[in-house]
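Structure assessment
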Amino acid sequence: MGIYEMLLPDVGEGIAEAEVVEWNVKPGDPVREDDILAAVMTDKAAVEVPSIVDGKVIELGCEIGQMMPIGGVLIRIEVDGDDKLSATSPQTKTNTEPEPATTTTNAPIAQSQSFIEDKTHHVVLMNQSNKPLAAPSVRARAREEDIDLKAINGSGPAGRIIHKDIDKWIEKNGQMNAKNNRVASDHIEDIPVVGMRRKIAEKMSLSKRQIPHITIVEEIEMTALTELRASLNTQHQGERSKLTIIPFIMKAIIEAVREQPQFNARYDDNTGTIHQYEGVHIGIATQTPNGLTVPVLRHAQAANLWDNAKELARLANSARERTIKPGELTEGTITISSLGELGAIATTPIINHPEVAIVGVNKMQVRPMWDGQNFQPRTMMNISCSFDHRVIDGWDAAVFVRKLKTLLESPAMLFVERS
């Protein structure tokens, strides 16, 4: 028998390491070619790594939550043969044609495919498929219970469905038998913070640690804008993308940063440099089954209201379905955060580091407003805007928020031609 050392493959251009967020096998397990061995994550992209050989697992390369360099030994598998076999990493590969047993396992991933395959290796992008993610044992249980996995939101790494999710689904749907009824318990479950959850935690911690926030909350009357939006949607029903409030807020931000371009920027902590952008690349904070992501709508200033609405819907759907490309999650210059109908009176949004501003959208509601003589019903909404106080003064922040208020309360101004 021989030992096959399978290396962690190249999971994206410029990626030097990845986090192992799940193991589907353990030492002693038999594996066949194409069986999923592990799930790894780099930045926002989750990747499943399948076996390329038949054999028995001898050793795992690391623990869940640890980082592994590209080309590092991911797993050792006992295979038929007399020699120790090892895949050659890109760093050590020579120009000599390798034997099949030593061919690199580090083939690049094609973004346009759900997986790529050659004679030696293939990798499945978890965010490139609509198929529910689950281990074979979970799938087998779902079949036995006659449960459609598409109906379950996974709570595991990268949205993977685990046994606990099936338990919750059964309980919710009234199929729980007596022996599984809840009883008093002192059990404490330790849940490692790994994968997307860890990336979010790291990002939020960095933002709060590095950026001194200043937040301004302003009240905005949205009556005219909601009427305009309804009218435009009726007028172009079936012809153009349906307009939500967000494209109008994007348009207001675009107009506001014309006058205050310092808000459309990123701050380099290491060099103390403000990178001020001409293109307005608006990030949209989006809740997904896998956690919070921020797709970026690039060059929003170059598109009209409906084109931005269409692109916004595409990005949000791609993020939720885990088909979004890594390049669509980076290089934003200013972000919008909205909780929709779940929004409160006010929030204190955290800036998406290294940007310098974020616009938080709170829920709209009809409230009685005094017009000087009587109370009148008006559609009102608060916006909560946070700024990096290292580079944005309070006065400038107040001017920016007031500009947003003016534009949103008088939406006709959003469409005035600018010279």
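Our structure's up above, just so we're on the same page.
Residue indices begin from 1 for each chain and proceed along its sequence in written order. Whole-chain, interface and lining totals are the exception, using all residues; otherwise, since this is a predicted model, local features are given only for residues with pLDDT of at least 70 and side-chain atom pairs are given and counted only at 80 or more. As a rule here, side-chain values come from all non-hydrogen atoms in the structure, and water together with hydrogens is ignored.

Where helices and strands are cited, they refer to DSSP runs of H or I of at least four residues and of E of at least two residues respectively, numbered from the N terminus. Counting secondary structure elements, the chain contains seven helices and 21 strands. Buried means the residue's accessible area, taken with a 1.4 Å probe over protein chains only, is under 20% of the maximum for its type, while exposed means over 50%, and partly exposed covers the values in between. Every one of the 419 residues in the chain was classed for burial, and the buried ones make up 45%. Residues are treated as being in contact if the distance between any of their heavy atoms lies within 4.5 Å. For the chain, the share of sequence-separated contacts (at least 6 apart) that also reach a separation of at least 24 residues comes to 63%. Counting every atom, the chain has about 22200 Å² of accessible surface; 49% of that belongs to carbon and sulfur. Methods summary: accessible areas were calculated by the Shrake-Rupley approach with a probe of 1.4 Å, and residue burial reflects only the protein chains presented.

Turning to the environment of Ala-224, a few remarks are in order. Note on placement: Ala-224 falls in helix H4 (residues 223-235). For Ala-224, a relative accessible area of 32% puts it in the partly exposed group. Taking C-alpha positions, Ala-224 is 8.6 Å from Thr-379, a pair spaced 155 residues apart along the chain.

The next point concerns the pairing of strand S6 (residues 55-60). With two bridges joining them, strand S3 (residues 30-31) and S6 adopt antiparallel strand pairing. Looking across to S6, one finds that Pro-30 is bridged to Lys-56. Should DSSP find at least two bridges between two strands, the strands are taken to pair. When S6 meets strand S8 (residues 73-79), the two strands line up antiparallel, connected through four bridges. Each residue of the ladder has a partner; that of Val-57, found in S8, is Ile-77.

Let us now look at helix H2 (residues 163-172). Listed as buried for H2 are Asp-165, Ile-166 and Ile-170. For H2, the buried positions fall inside an angular range of 135° around the axis, keeping them on one side. The exposed residues of H2 that point more than 90 degrees off its buried face are Lys-168 and Lys-172. By arc we mean the arc of the directions from the helix axis to the C-beta atoms, nothing more.

Attention shifts here to the nonpolar core. Here, nonpolar core refers to any group of buried Ala, Val, Leu, Ile, Met, Phe, Trp, Tyr and Cys residues whose side-chain atoms link them within 4.5 Å. One finds Ile-249, Met-250, Ile-282, Ile-336, Phe-387, Phe-400 and Leu-404 to be the most contacted residues of the largest nonpolar core, which totals 51 residues. The contact partners of Ile-249, leaving out residues within four places of it in the chain, are Ile-336, Val-359, Val-361, Met-381 and Leu-408. Ranked by size, the runner-up nonpolar core spans 24 residues in total, among them Trp-23, Ala-38, Val-53 and Cys-62.

A few words on the sheet that holds strand S12 (residues 213-221). Read from one edge to the other, the open sheet built from six strands follows the order S12-S21-S20-S19-S15-S18, with strand pairing classed as mixed. Pairing within the sheet leaves two strands with one partner each, and these edge strands are S12 and strand S18 (296-297). For S12 and strand S21 (residues 375-388), the ladder comprises nine bridges, and the chain directions are antiparallel. When the bridges of S21 are listed, Ile-214 appears paired with Phe-387. Across the face of the sheet, helix H7 (residues 394-409) comes into contact with S12, strand S19 (334-338), strand S20 (357-370) and S21 while running at roughly 25° to S12. Note on geometry: axes are lines fitted to C-alpha atoms, helical ones only across the stretch in contact, with angles between N-to-C directions running from 0 to 180 degrees.

Salt bridges are defined as contacts in which a side-chain nitrogen from Lys or Arg sits within 4 Å of a carboxyl oxygen from Asp or Glu. Counted by the stated rule, this structure contains 16 salt bridges. Across the pair Arg-76 and Glu-5 runs a salt bridge whose closest N-O atoms are separated by 2.9 Å. Here Glu-5 lies in strand S1 (residues 2-7) and Arg-76 lies in strand S8, a separation of 71 residues in the sequence. For Glu-5, a relative accessible area of 8% corresponds to the buried category. For Arg-198, the salt bridge goes to Glu-202, with nearest N and O atoms at 3.9 Å. Of this pair, Arg-198 and Glu-202 both sit in helix H3 (residues 195-210), four residues apart, which is roughly one turn of that helix. Salt bridges sharing partners connect three or more residues here, namely Glu-5, Glu-59 and Arg-76.

Of the pairings in the sheet, the one linking strand S13 (residues 265-268) to strand S14 (residues 273-276) comprises four bridges and is antiparallel in character. Within S14, the residue paired with Arg-266 across the bridge is His-275. In sequence, S13 turns back onto S14 through a hairpin of four residues, with Gly-272 there showing a positive phi of about 70°.

This paragraph deals with the side chain of Glu-218. Inspection of the secondary structure puts Glu-218 in strand S12. Counted as positive: Lys and Arg. Counted as negative: Asp and Glu, with His and the chain ends omitted from the count. Summary of buried charges: Glu-218 has no salt-bridge partner, and the nearest side chain of opposite charge, Arg-402, is 4.0 Å away. Those residues in contact with Glu-218 that lie beyond four places of it in its chain are Met-381, Asn-382, Ile-383, Val-401, Arg-402 and Lys-405.

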